[in-house]
Amino acid sequence: KIIIKNENGKSVVETLTEYRKIVEYLLECSHTKVYIQSVLPVSAECPYGDINANIEQLNRELKNLAQELDVSFIDLFTEFIRGDELNPDYHIDGIHLNAQGYILWKTIISDYL
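Here's what I pulled together on the structure shown here. (Residues numbered from 1 in each chain as written. Predicted model: local features only at pLDDT ≥ 70, side-chain atom pairs only at ≥ 80, totals over all residues. Heavy atoms only, no water.)

**Thoughts on the packing of aromatic side chains**
Turning to step 1, where the next piece is worked out: Overall, the coordinates contain three aromatic pairs when judged by the stated rule.
Turning to step 2, where the next piece is worked out: Judged by centre distance (6.4 Å) and plane angle (80°), the rings of Tyr 35 and Tyr 112 are edge-to-face. Of this pair, Tyr 35 sits in strand 1 (residues 35–37) while Tyr 112 sits in the segment after helix 4 (99–110); the two residues are 77 residues apart in sequence, bridging distant segments of the chain.
Turning to step 3, where the next piece is worked out: Judged by centre distance (6.0 Å) and plane angle (5°), the ring pair of Tyr 102 and Trp 105 falls under stacked. Of this pair, Tyr 102 and Trp 105 both sit in helix 4, separated by three residues, roughly a single helical turn. (Phe/Tyr/Trp six-rings, centres within 6.5 Å; stacked < 30°, edge-to-face > 60°. Helix = DSSP H or I, 4+ residues; strand = E, 2+ residues; numbered from the N terminus.)

**A look at the side chain of Ser 43**
Turning to step 1, where the next piece is worked out: Checked against the element boundaries, Ser 43 lands in the loop between strand 1 and helix 2 (52–69).
Turning to step 2, where the next piece is worked out: Excluding residues that lie within four positions of it along the chain, Ser 43 makes contacts with Glu 85, Leu 86, His 91 and Gly 94. (Contact = heavy atoms within 4.5 Å.)

**What to know about the nonpolar core**
Turning to step 1, where the next piece is worked out: In this structure, Val 12, Leu 16, Val 23, Val 34, Ile 36, Leu 58, Leu 62, Leu 65, Ala 66, Leu 69, Val 71 and Phe 73 together form the largest nonpolar core, which totals twelve residues.
Turning to step 2, where the next piece is worked out: When contributions to this core are tallied by element, the ones reaching two or more residues are helix 1 (12–29) and helix 2.
Turning to step 3, where the next piece is worked out: The element contributing the most residues to this core is helix 2, with five residues.
Turning to step 4, where the next piece is worked out: With residues up to four places along the chain from it excluded, the contact list for Val 71 reads Leu 27, Val 34, Ile 36 and Ala 66. (Core = buried A, V, L, I, M, F, W, Y, C linked by side-chain atoms within 4.5 Å. Buried < 20%, exposed > 50% of the residue type's maximum accessible area, 1.4 Å probe, protein only.)

**Focus: helix 1**
Turning to step 1, where the next piece is worked out: Across its 18 residues, helix 1 extends 26 Å between first and last C-alpha, which sits within 8% of the 26 Å expected from 1.5 Å per residue.
Turning to step 2, where the next piece is worked out: Listing the buried residues of helix 1 in full gives Val 12, Thr 15, Leu 16 and Val 23. Axial view of helix 1: buried residues confined to an arc of 95°, hence all on one face. For helix 1, the exposed residues set more than 90 degrees away from the buried face come down to Tyr 25 and Glu 28.
Turning to step 3, where the next piece is worked out: Packing partners of the buried residues in helix 1 comprise strand 1 and helix 2. (Expected span 1.5 Å × (residues − 1). Arc of directions from axis to C-beta.)

**Quick notes on the packing of helix 1 against helix 2**
Turning to step 1, where the next piece is worked out: Interhelical geometry of helix 1 versus helix 2 gives an angle of 30° and a closest axis separation of 10 Å. With respect to helix 2, the axis of helix 1 lies roughly parallel. When you trace helix 1 past helix 2, the crossing you get is right-handed. Of helix 2, the residues touching helix 1 (which contributes Val 12, Thr 15, Leu 16, Tyr 19, Arg 20, Val 23, Glu 24 and Leu 27) are Asn 54, Gln 57, Leu 58, Glu 61, Leu 62, Leu 65, Glu 68 and Leu 69.
Turning to step 2, where the next piece is worked out: Of the residues that constitute the contact of helix 1 with helix 2, the class distribution is nine nonpolar, three polar and four charged. (Axes fitted to C-alpha atoms, helices over the stretch in contact; angles between N-to-C directions. Parallel < 35°, antiparallel > 145°, perpendicular 65-115°, else oblique. Left-handed = near helix turned anticlockwise from the far one by under 90°. Nonpolar A, V, L, I, M, F, W, Y, C, P; charged D, E, K, R; others polar.)

Printed below as a string of structure tokens:
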């Protein structure tokens, strides 16, 4: 059991449970094509500290969930990480993307649309 919590006090398992509920609801109640995107890394300057290990664990679980529910998984994490943190070319404060970051995000997801 994963006990490390994110900044909102939720474990990876609790967060994954919420994702599952949302995706299952969308699949059941809408005619929308569903995509699951990975969670982006953060930088060392992030006020939440070193949570990238949790983010990586969550992303592995989200990928598994996407496969289980037969929806597309979009891996943003590997495109945004440099070393063990969010690439400084793509953020303004360790969490929030800058213009270059949003351009990269758009480029990645456009392959799926």
